[in-house]
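Structural overview for review
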Amino acid sequence: MRRLRACLGAAAAVGLAAAGTTALVAGSASGATSALSNRWYAAAPYLMPLDNDPPDPAAIMDATGLKAFQLAFVLAPNGGGCSPTWGGTAAVSSDTAVQSVVNTIRAKGGDVSVSIGGYGGTKLGQVCSDATATAAAYQQVITKYGLHAIDFDLEEPEYENTAAIKNEIGAAKILQQNNPGLYVSVTTAGTADGTGWFGKQMLLEAKAQGFTPNNFSIMPFDGGFNGAASQTGALTNFNQILQSTFGWDQATAYAHEGFSGMNGRSDTGEFFTQTDFQTVLDYATSHNMDRFTFWSLNRDRQCTPSDNGGRTSGTCSSVAQSSWDFAKYSVKFAGATPPSSTPTPTPTPTPPGTGCKPDWSSTAVYTVGNEVSYNNHNWKAKWWTQNETPVASDWGVWQDEGAC
């Protein structure tokens, strides 16, 4: 679900056993000569390299020992067409900015995966004619950056489109076949029951096509979650869904299961602290899960008063932390030991926001990005609306930006 992001054939032996394996060797034009272990790609946190005040990946690597980054997001062009872009605006074919980020990471011994899709925007599976055309568009990304890993982030609104999901799953299968050793993750929305109806339909599509990625990951946030216990409960339920869908035993299902969290304050005002991350990390490692990641490194730093830490931000976490605290849990999942650092500050209550936006009006027309205040909270419109009262809802038009 990851609202701020618009501003997210493995065999049974896959999982911890895959940690020591390597993926394909890719094109020299990208600077890639060898792959990291699959465990690092499974631990790669999301990073927006062009938006949300991108942090310096080299500084994160030095501070935490992190080696892998999940770059987000590849979409179809805003003006239409079946060609890959960053965020719908920057063509992959002519990109130099993201390539520079990739080169910086690789020069320090790290690597990247690329995530396609995410919440919002037009996905290639929605506009490309079929799975073959969709795969050809994504192959451009793999070739451009010499990728050893790729993430299919299939969520709202694309995963409500049966034809689009068929194209995406079909493309993932083609890429897996044409790029031996490619690490493929599929990320989708999480619910208390594991995943919702559309997530289950996506799994059934994968089964129908005979496609098995390295993992299916859920995002247990933005759905009424409250701390680590609710997240591990969702992971347990999702494991049962994987078992029943694919006929796997429990261990095999966990070896194909992943977690994708949101650090700090979620889009709907849930809070996930460092302690929550440690609890979920312990669950993931004790059950031999294949993936542990989070949204996002852009948010892995403490808000300043001017950031208004009482609302969800794309550039800070809204919880008390030292910079890159949450990245260290990814490092631990990969099997490395983060460098020692100063203690994490004791969490303190997040101050409410200040400065209310103009009052909401039942007669006014609002379009995407318009902000209003209602019941002492600020709200942002996610699409065109009129006479829809602002209220917190996963599927509603209004995004709660916090108290004012």
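Please refer to the structure higher up on the page.
Just so we're clear, the structure is a prediction, and the values are computed from it rather than from any experiment.

1. Some words on unusual backbone geometry
Of note, the amide linkage connecting Glu156 to Pro157 takes the cis form, showing an omega dihedral of 0 degrees. Examined against the element boundaries, Pro157 turns out to sit in the loop between strand 6 (149–153) and helix 6 (162–178). Cis geometry is adopted by the peptide bond preceding Ser296, which originates at Trp295 and carries an omega value of 5 degrees. Tracing the backbone through its elements, the reader meets Ser296 in the loop between strand 12 (291–295) and helix 11 (327–334).

2. Details of the state of the cysteines
One pass over the structure, following the stated rule, counts two disulfides. Shown here is the disulfide that connects Cys82 with Cys128, its sulfur atoms set 1.9 Å apart. Around the S-S axis, the bridge from Cys82 to Cys128 shows a dihedral of about 100 degrees and counts as right-handed. Separated by 46 residues along the polypeptide, Cys82 in the loop between strand 2 (68–75) and strand 3 (85–86) and Cys128 in the loop between helix 4 (124–127) and helix 5 (131–145) bring together distant segments of the chain. What makes Cys128 buried here is its relative accessible area of 4%. A disulfide bridge connects Cys303 with Cys316, and the sulfur atoms are separated by 2.0 Å. Residues Cys303 and Cys316 share a disulfide whose torsion about the S-S bond is about 90 degrees; that sign makes it right-handed. Of this pair, Cys303 sits in the loop between strand 12 and helix 11 while Cys316 is found in the loop between strand 12 and helix 11, placing the two residues 13 residues apart along the sequence. Cys303 sits in the buried class, given a relative accessible area of 14%. The buried category is assigned to Cys316, whose relative accessible area is 1%.

3. Focus on the packing of helix 5 against helix 6
Axis separation between helix 5 and helix 6 bottoms out at 8 Å; the angle between their running directions is 55 degrees. Judged on the interaxial angle alone, helix 6 and helix 5 are oblique. With respect to the hand of their crossing, helix 5 and helix 6 are arranged in right-handed fashion. Between helix 5, through Ala131, Thr132, Thr134, Ala135, Tyr138, Gln139 and Ile142, and helix 6, the contact on the second element is made entirely by Lys166, Asn167, Glu168, Gly170, Ala171, Ile174 and Leu175. Its residues assigned to classes, the contact of helix 5 with helix 6 comprises seven nonpolar, five polar and two charged.

Rules and cut-offs
- Residues numbered from 1 in each chain as written.
- Predicted model: local features only at pLDDT ≥ 70, side-chain atom pairs only at ≥ 80, totals over all residues.
- Heavy atoms only, no water.
- Helix = DSSP H or I, 4+ residues; strand = E, 2+ residues; numbered from the N terminus.
- Disulfide = S-S within 2.5 Å.
- Buried < 20%, exposed > 50% of the residue type's maximum accessible area, 1.4 Å probe, protein only.
- Axes fitted to C-alpha atoms, helices over the stretch in contact; angles between N-to-C directions.
- Parallel < 35°, antiparallel > 145°, perpendicular 65-115°, else oblique.
- Left-handed = near helix turned anticlockwise from the far one by under 90°.
- Contact = heavy atoms within 4.5 Å.
- Nonpolar A, V, L, I, M, F, W, Y, C, P; charged D, E, K, R; others polar.

Remember, this is a structural readout, not a statement about activity or role.
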